[in-house]
Each structure stands twice: as structure tokens, then as C-alpha cells.
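# Survey of secondary and tertiary structure
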Amino acid sequence: MTDKPNTPEAMAAANGLSMAVLNAIQNPVILVDQNGLVAFANWEAESFFGASANHLARHDISAFIPFGSPLLTLIEQVRERKAPVNEYRVDLSSPRLGADKLVDLYVAPVISEPGSVVVVFQERSMADKIDRQLTHRAAARSVTGLASMLAHEIKNPLSGIRGAAQLLETSVNDEDRALTRLICDETDRIVSLVDRMEVFSDERPVDRVPLNIHSVLDHVKAIARAGFARRIKVTENYDPSLPSVFANRDQLVQVFLNLIKNAAEAIGDRPEGEIMLTTAYRPGIRLSVAGTREKISLPLEFCVHDNGPGVPSDLLPHLFDPFITTKTNGSGLGLALVAKIIGGHGGIVECDSQQNRTTFRVLMPASKGQAADEDDMPMTKGNIA
């Protein structure tokens, strides 16, 4: 084995390759030199800090992070110990970086450059979303068991109660007949609720085919415009090059009908109400499959945005749990069913909300044979917020 020649051309090629590798990483990466200057920043770091690499290189790292940030202490600690350090859930929120900038940090020394350290930022947003999604799936499984119990243990006695009320109705006066009718109506309402919950206990495999998500969204949009969203502006911003999604069409229609109806009900009678549907390809998100070493890629992003009042902050972490609702007459099962369907397709669904801006984001795998390998797909710059 012979060593490659250490020529200027070879060194330039190696440096170019190193830059390409660092820019391909979907996490912000910076190099802080011994003087505290940002000597290097990859593309994601430029996006994270909202500044070009050249601008970052002219300033101390302390100029870009909150005063007294633990990151400065970590950098000094790594320089002294000459050993890497991990720190989790560090808050870098500031007017410059924006709100909710919660990150995990990996800080390591650069042996060939004394005093220099490399810092890798892992934004907590997606990790937290996936953690919450696993909780949502567990909640859906609990509803599955509850639905089975309700179907077997409640519907039978309800049928007896209704039958007895109907028999009484024939032999009582008009005043009491109103009470027997009330019994029948209320038992029918409970049976209807149980029927809705039985959807959760249906674990049969569904037929899936490669689908054009835009045809699904256009179909749902047509239904919405003809009904519950007829007074609301519905727009779209689609990525026309998006690969197919491997899914069941009827279930996806159900998912997006639920999401768009929620958005329309949140907007209500607001004169400037608007719902926007967006699709995009977002490489870099992978989710472990329980019980295996397999990781599936979730590059397809479908979003429903609305400019309603937003979801209360205390409700947001539990939004996909069953029986959680802000509607006066809501059952709290719609979003739980959405989470179950998307989870059954191997995807995740999450909600980001603030005043006048709510986004329901669905991440799903592409159809096998069409972008199963991310290397074959065009790369887009930026993380999922």
C-alpha cells in the first residue's frame, strides 16, 4: 500500500471533500479557535445563527449566543480537559436566535489545532416530537383496549336498556313518554360514541398503494370548500417533484379531513381566516422501528397551516391523547385517530402552535422503489423546525 502524494492539489481535494461532508450534515457544526472566533461554520450553522460563515468568522462566539450561556463554560472545560463533553437540553433562546432554541451540545477538542474546539448542535425539537409521538402511539393502544372492552361490555346492556324503554313507551302517559324517549336518545348517543371508538380496535392490515399525495389533498380541499370551509380561503404550496407515498387513500383522506376541519373550526368566523396546505421533501429524519435494528426514513412532509388563535400551551403536549378537546361538543377522538392512522403507516404527526399560527405536520416514508434510498433524491438545505 502506497501513501498518496502530499501535493497541494491532493490537499486541496481533501479539504474540499471535508467541506462537502460537513455541509452535508443536517446539524449545525462550528469550529471555535483558540481566540474564541468562529473559524468555520457549515451551512446548517449559517442557518441556525442567521449569519454567513464570513460574518461569523469575524466575531467571537459569545456575540451570537445569550449572555452567560453554558456553551461558553463547556468550551473552556473542553480546552482544559482536552476531552469531549456532552450537554443536554441547553437553552439558547434569544432575540437573535429566536424562541424555543433548546439544543443538545457535543463539544470536542481538535487535537491538531491546540485550543480549538468543534461544537455540534442538535436541536431538540425533532427529538422531542418523536418522543411525544411514541407517547401518542401508546395512548392509541390504550384506546384500542378500551374500545374492545366498551364494545363487548357496554353495547349489550345498552341494547337491553333501550328495548325496555321502548316497551315502557307504549304503556305510559305523554309526560312519561318524553322520559322514555330521552332514555332511547341517550342510549343511541352512547352507542354512537362506542362505534366511533371501535375504529381503534380494528387492527386488520389495510391495502396500501403508491399514491400522489397532491391528488389526495386536492380531493380533501374540494370537500372542505363545498362544506365546512366554504367561507375560508384555502391555498396550497406543493412540491411538484415529490415522490409517491405508500398509503391507503381512504385513510389519508380521513386524516386530512380531520386536520382541515380542525383548522376551519379554529378559525371560525375570522374574516381573514386562511388554511394553507404544503408538501415538501425533508431528508435526514429517521425513526427506529421497535423490536428491530431497522430505521425508516421519513422524508415526506405534509402540513396543514392555519391562522387561528392557536392551541393553548398546556394542551399542546397532550393534543393527540384520546378525549382531549377544546370543543364544546367534541369527543376528543379525532386527533387520536389521526395519530393511530399515521402511526400505522410508519409515520409521525405533530403540532406546532403559537398565536395566529398553527401547523399540523405529517412525516411519512416514501413509496418503496421511489426514493427508498435518500441518496437518489435531491437534497434540500435546512432542518425541520
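Analysis parameters
- Residues numbered from 1 in each chain as written.
- Predicted model: local features only at pLDDT ≥ 70, side-chain atom pairs only at ≥ 80, totals over all residues.
- Heavy atoms only, no water.
- Core = buried A, V, L, I, M, F, W, Y, C linked by side-chain atoms within 4.5 Å.
- Buried < 20%, exposed > 50% of the residue type's maximum accessible area, 1.4 Å probe, protein only.
- Helix = DSSP H or I, 4+ residues; strand = E, 2+ residues; numbered from the N terminus.
- Pairing = 2+ DSSP bridges.
- Axes fitted to C-alpha atoms, helices over the stretch in contact; angles between N-to-C directions.
- Contact = heavy atoms within 4.5 Å.

Per an unreviewed UniProt entry, the chain goes by Two-component system nitrogen regulation sensor histidine kinase GlnL and derives from Ensifer adhaerens.

### Side note on the nonpolar core
Of all hydrophobic cores here, the largest spans 44 residues; its most connected members are I213, V245, L252, F256, L259, I275 and F302. Counting residues per element, the ones that place at least two in this core are α8 (213–226), β8 (245–247), α9 (249–267), β9 (274–281), β12 (300–306), α10 (334–344), β13 (348–354) and β14 (357–364). When residues of this core are assigned to their parent elements, the largest contribution, nine residues, is made by α9. In this structure, I30, I75, V90 and L97 belong to the second largest nonpolar core, which totals 26 residues.

### Focus on the sheet that holds strand β4 (residues 102–109)
On the basis of which strands lie adjacent, the open sheet formed by five strands has the order β2-β1-β5-β4-β3 and antiparallel pairing. Bordering the open sheet on either side are β2 (38–41) and β3 (85–91), each of which pairs with just one other strand. This sheet shows a mean twist of 25° between the axes of neighbouring strands, independent of strand direction. In the sheet, β4 pairs with strand β5 (residues 117–123) via seven bridges, with the strands oriented antiparallel. Residue pairing for β5: A108 is matched across the bridge by V118. With respect to the sheet, helix α4 (residues 70–81) is in contact with β1 (29–32), β3, β4 and β5, its orientation differing from that of β4 by roughly 20°.

### Points about the environment of E186
Relative to the elements of secondary structure, E186 occurs in helix α7 (residues 174–197). Spatially, the C-alpha atoms of E186 and R162 are 9.1 Å apart, while their sequence positions differ by 24 residues.

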